[in-house]
Amino acid sequence: MKKILMAGVVLLAICITIGAVSAEGWSFDFSSSDSTNSDGGQVKFDNGKLNLQGIDFTIPDGYKENESAQKLAEKADDPKDAKYSLCSFINGDKEIITKVYFSDNTQYNSLTPEDGTSVEKTMAGIKGIYFENKYNDNTPTFEFIKDGKIVEVNGPDDATIESVIK
């Protein structure tokens, strides 16, 4: 009888240990997400505050994270040798896309307007490049340099973009 009781206690201890280890990374806060990968991709979203590759954004009320669109440290076509991370947020038929380009070898320090498609502009006190319709979807896009990275925000209108980058 003592052997059966002792085996039961040991089995219970093993089950508790395995349960604690497997539950360690779980979060029951459904308003936040946190992702990283080995290629340098990093994103954290919590209560309307987004940190993408170390750059902070404020997502307006009513927008929900579109987790299926998230990209972490994907290879970029342009700029060459860069990677990018992207987050998308949706509110009905409106979408905000935040994208940060970064490189292990390069610190970006300037942007140049593209002939006929963009102009220099200041939004929310930040100097950058403004596109009225970069992705042919009739929405504006604003790009700027921060911490050696190229930051791009596409939104339904200028006011939304400014609220995201403040």
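Details of the structure are given in the entry above.
Analysis parameters
- Residues numbered from 1 in each chain as written.
- Predicted model: local features only at pLDDT ≥ 70, side-chain atom pairs only at ≥ 80, totals over all residues.
- Heavy atoms only, no water.
- Buried < 20%, exposed > 50% of the residue type's maximum accessible area, 1.4 Å probe, protein only.
- Helix = DSSP H or I, 4+ residues; strand = E, 2+ residues; numbered from the N terminus.
- Pairing = 2+ DSSP bridges.
- Polar contact = N/O pair within 3.5 Å; in protein donor to acceptor, adjacent residues only side chain to side chain.
- Contact = heavy atoms within 4.5 Å.

Report on the pairing of strand 2 (residues 42-46), specifying residues and quantitative values.
Going residue by residue along strand 2, you find Val 43 and Phe 45 tucked away on one face and Gln 42, Lys 44 and Asp 46 left uncovered on the opposite face. With four bridges joining them, strand 2 and strand 3 (residues 49-52) adopt antiparallel strand pairing. Among the inter-strand pairings, Val 43 is bridged to a residue of strand 3, identified as Leu 52. Between strand 2 and strand 3, which pair antiparallel and follow one another directly, the connecting turn spans two residues, one of which, Asn 47, has a positive phi of 50 degrees.

I'd love a proper account of the environment of Thr 122, names of residues and values included.
Tracing the sequence through the fold places Thr 122 in strand 9 (residues 118-123). Note on Thr 122: relative accessible area 46%, which makes it partly exposed. Distance from Thr 122 to Phe 144, taken between C-alpha atoms, is 9.4 Å for residues 22 residues apart in sequence.

Break down the side chain of Gln 53 for me, with residues and values.
Note that Gln 53 resides in the loop between strand 3 and strand 4 (55-58). A relative accessible area of 6% places Gln 53 in the buried class. A distance of 2.8 Å separates polar atoms of two side chains, one belonging to Gln 53 and the other to Ser 85. In this structure, Gln 53 is in contact with Gly 40, Gly 41, Gln 42, Ser 85, Val 100, Phe 102 and Lys 149, ignoring residues within four places of it in sequence.

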